[in-house]
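Here is what each chain is made of, one letter per residue.
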Amino acid sequence: MSIETGGYGALVIVIVMTLVTLATRWGGVFVMSFVPISYRVQQFISAMSGSVLVALLAPLALNGDNGARLALLATALTMLMVKKPLLAITMGIVTAAVYRYLFP
Amino acid sequence: MSDIDSNLHELNRSNIWAGFVQLVPLSIFVIIFGLAFGLAATQTGLDAWSTIAMSTFVFAGASQFAAMELWGQEISLLPLAITVFAINARHLLMGATLYPWLRHLPPSKRYGVMLVITDANWAMSLQKFSRGEPAMGLLFGGGLTLWSFWVFGTWLGIYFGNAIQDPVSLGLDMVMGCFLLAMLVGGKKDTRVFAIWSVAAIASLLAYWFLPANSHVVVGALAGGILGAIWMESER
């Protein structure tokens, strides 16, 4: 089911996102009050929450211009070296800006 | 139930305020992330009210950035809902790990506290609880800090976002991608995690090429999750 993003559409999308997120905030506590969450389910959930980010990023890295690719590379390298998210994101943005300025 | 144990989960005005104040320094960074989201949402074409509403009610940065990534003239609700669920599924684990302390609260307070659960206040209060210190005020008060600064940052971002003429030349189209990547790389990394990421990447690209639009996120998330359930970490 598709929905237009203009007008009331955006409102519907915000409501859907709110309900889904609320379910994740309450769900863990709710389920635990009946039955403990098994180790296998925990492993599935934590693997899935990393994988969804990979799945979002893979096409972005593949289809982006070189500025975009270098930006992602700069972010990853900075994050690996200093573990500061804000600095890593800044490095990525600056890299894209500089590359696009030099090679428009 | 001993006295010490019952104090651990006490929730009153003074310890909520103490928790609120304790997370103010960290929340300066939250303002900047909020600003980045407001900026990204404005570039994506969201109106100011929807953007503020999203930060206020959803209050989950990575999933909000992901929604911008899927945004278009039209958006399919099911893939969007599943993507948001997959990104925010870690809240399920946060709730489960806090349950030993939350179970002492009456249900209304228990679920009220969980309204503002997010990575920072969860990690800090779980650490305190595990040391046998009271942390319910930190969990709830700190959550309120993070939430209010997130909304404020978003508002700032909308304000500045409207002033910027050519965001792409400034690299600002990469805010979302770089944010999500930094979240990913900041997590745990070992052979198992790399295998999971590789499977998720391959599955999502195959879906991207051969399946309907936007299904790649769901396919990649499920493929990685299933591998994680089969190849489990050795327990504790």
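Everything numeric in this text was worked out from a predicted model, so none of it was measured.

Novice: It is not clear to me how the domain arrangement of chain A should be interpreted in this structure. Could you clarify?
Specialist: Accessible area lost when the parts come together is the quantity often used to give the size of an interface. Annotation of chain A at the domain level lists domain 1 (1–37) and domain 2 (53–104). Just the C-alpha atoms count here: the centres of domain 1 of chain A and domain 2 of chain A sit 30 Å apart.

Novice: For this particular structure, what's the right way to read the interface of chain B and chain A?
Specialist: At the interface, 84 residues of chain B touch 63 residues of chain A. Tallied by class, the residues present in the side of chain B that touches chain A amount to 56 nonpolar, 20 polar and 8 charged. As paired strands, strand β1 (residues 2–4) of chain A and strand β1 (residues 74–76) of chain B are joined by 3 bridges and run antiparallel to one another. Opposite A:Glu4, over in β1(B), you have B:Glu74 as the bridge partner.

Novice: I tried to follow the domain arrangement of chain B on my own but got confused; where do I start?
Specialist: All names here are of chain B. Parsing chain B into structural domains produces domain 1 (3–161) and domain 2 (188–236). For domain 1 and domain 2, the distance between their C-alpha centres works out to 26 Å. Tallying the contact residues gives 6 residues for domain 1 and 5 residues for domain 2. If one sorts the elements of the side of domain 1 that touches domain 2 by residue count, helix α6 (residues 77–88) sits on top with 4 residues. Here the residues of the side of domain 1 that touches domain 2 sort into 4 nonpolar, 2 polar and no charged.

Novice: Sorry if this is basic, but what is going on with the nonpolar core here?
Specialist: If you look at the biggest cluster of nonpolar residues, it comprises 101 residues, and the most contacted ones within it are B:Val175, B:Cys178, B:Phe179, B:Leu180 and B:Ala200. Ranked by residues supplied to this core, first place goes to helix α2 (residues 39–63) of chain A with 11 residues. With sequence-adjacent residues up to four places away left out, B:Phe179 is seen in contact with A:Ile89, B:Ala36 and B:Phe65.

Novice: How should I be thinking about unusual backbone geometry in this particular structure?
Specialist: When glycine is set aside, most residues are seen to have a negative phi, and most peptide bonds are trans. In this structure, A:Lys83 is a non-glycine residue whose phi angle is positive, near 55°. The topology assignment puts A:Lys83 in the loop between α3 (66–82) and α4 (85–102). Look at B:Phe59: it is not a glycine, yet its phi comes out positive at around 50°.

Novice: Looking at this model, I keep getting lost on the environment of B:Val218. Mind explaining?
Specialist: Looking at the secondary structure, you find B:Val218 in helix α13 (residues 215–230). With 138 residues separating them in the primary sequence, B:Val218 and B:Leu80 have C-alpha atoms 8.9 Å apart.

Novice: Could you clarify how one ought to interpret helix α1 (residues 8–32) of chain A in this entry?
Specialist: Note: α-helices contain 3.6 residues per turn, so residues at a spacing of three or four share the same orientation. Between its first and last C-alpha atoms α1(A) spans 36 Å; for 25 residues at 1.5 Å apiece the expected length is 36 Å, and the two agree. Bending of α1(A) peaks at approximately 40° at the position of A:Trp26.

Novice: When you look at the packing of helix α3 (residues 24–44) of chain B against helix α11 (residues 175–185) of chain B in this model, what are you seeing that I'm missing?
Specialist: Any two packed helices are characterised by the angle at which their axes cross and by the distance between the axes. Residue and element names in this part refer to chain B. Axis separation between α3 and α11 bottoms out at 10 Å; the angle between their running directions is 140°. Classified by the angle between their axes, α3 and α11 sit oblique to one another. Contact with α3, carried on its side by Ala-36, Leu-39 and Ala-40, involves Val-175, Met-176 and Phe-179 of α11 and no other residues of that element. Along the lines of polarity and charge, the residues of the contact of α3 with α11 split into 6 nonpolar, no polar and no charged.

Criteria and thresholds
Residues numbered from 1 in each chain as written. Chains lettered and ligands numbered in written order. Predicted model: local features only at pLDDT ≥ 70, side-chain atom pairs only at ≥ 80, totals over all residues. Domains from an automatic or database assignment. Contact = placed C-beta atoms within 7 Å. Nonpolar A, V, L, I, M, F, W, Y, C, P; charged D, E, K, R; others polar. Pairing = 2+ DSSP bridges. Helix = DSSP H or I, 4+ residues; strand = E, 2+ residues; numbered from the N terminus. Core = buried A, V, L, I, M, F, W, Y, C linked by C-beta atoms within 7 Å. Buried ≥ 20, exposed ≤ 12 C-beta atoms within 10 Å, placed from the backbone. Expected span 1.5 Å × (residues − 1). Bend = angle between axes of the 7 residues up to and from the residue. Axes fitted to C-alpha atoms, helices over the stretch in contact; angles between N-to-C directions. Parallel < 35°, antiparallel > 145°, perpendicular 65-115°, else oblique.

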